[in-house]
Amino acid sequence: QVQLVESGGGLVQAGGSLRLSCAASGGTFSSYSMAWFRQAPGKERQFAAAVTRNGIIQYADSLKGRFTIARDNAKNTVDLQMNSLKPEDTAVYYCSATGRTRWDIRRGEGYDYWGQGTQVTVSS
């Protein structure tokens, strides 16, 4: 039902910034809660940030203060602004969506739709 396409990844030096964008189609965007996860090579998928359909925002503790998530229901997009990037932020970043009303916002199992991912590489 929902298709998600991430963009904005790339190569950046430590301390730099990137803005990722996720474009959604095929559903009623405002009815979905959205999240960003990331996965580094050889590592498990990790929660980064989420914004619910009601506008509630949560971040991974380690990312709070550096990353900002925002949704634009008029554009059917959710962005992840990443500042003060560190080499350990290097990962494939995935956009996800859920229409569930009860779920663990920080667990990938709660999300039913996923984008293809966009690579973020932070050099030192």
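Note: the structure precedes this text.
The structure displayed is predicted, hence computed values, not measured ones.

Provide a residue-level description of the pattern of salt bridges, including the pertinent values.
Enumeration over the complete set of coordinates arrives at 5 salt bridges. In this structure, R38 and D89 form a salt bridge, with 2.9 Å as the shortest nitrogen-oxygen distance. Of the two residues, R38 is situated in strand β4 (residues 33-39) and D89 in the loop between β8 (77-82) and β9 (91-98); the sequence distance between them amounts to 51 residues. Side by side, R38 and D89 carry an identical accessibility label, which is buried. Between R100 and D112 there is a salt bridge; the shortest N-O distance is 2.7 Å. Of this pair, R100 sits in the loop between β9 and β10 (113-114) while D112 sits in the loop between β9 and β10, and the two are 12 residues apart along the sequence. Its relative accessible area of 38% is what places D112 among the partly exposed residues. Ionic contacts of the salt-bridge type, sharing partners, join the residues R38, R66 and D89 into one network.

Reading the values: the criteria
Residues numbered from 1 in each chain as written. Predicted model: local features only at pLDDT ≥ 70, side-chain atom pairs only at ≥ 80, totals over all residues. Heavy atoms only, no water. Salt bridge = Lys/Arg side-chain N within 4 Å of Asp/Glu carboxyl O. Helix = DSSP H or I, 4+ residues; strand = E, 2+ residues; numbered from the N terminus. Buried < 20%, exposed > 50% of the residue type's maximum accessible area, 1.4 Å probe, protein only.

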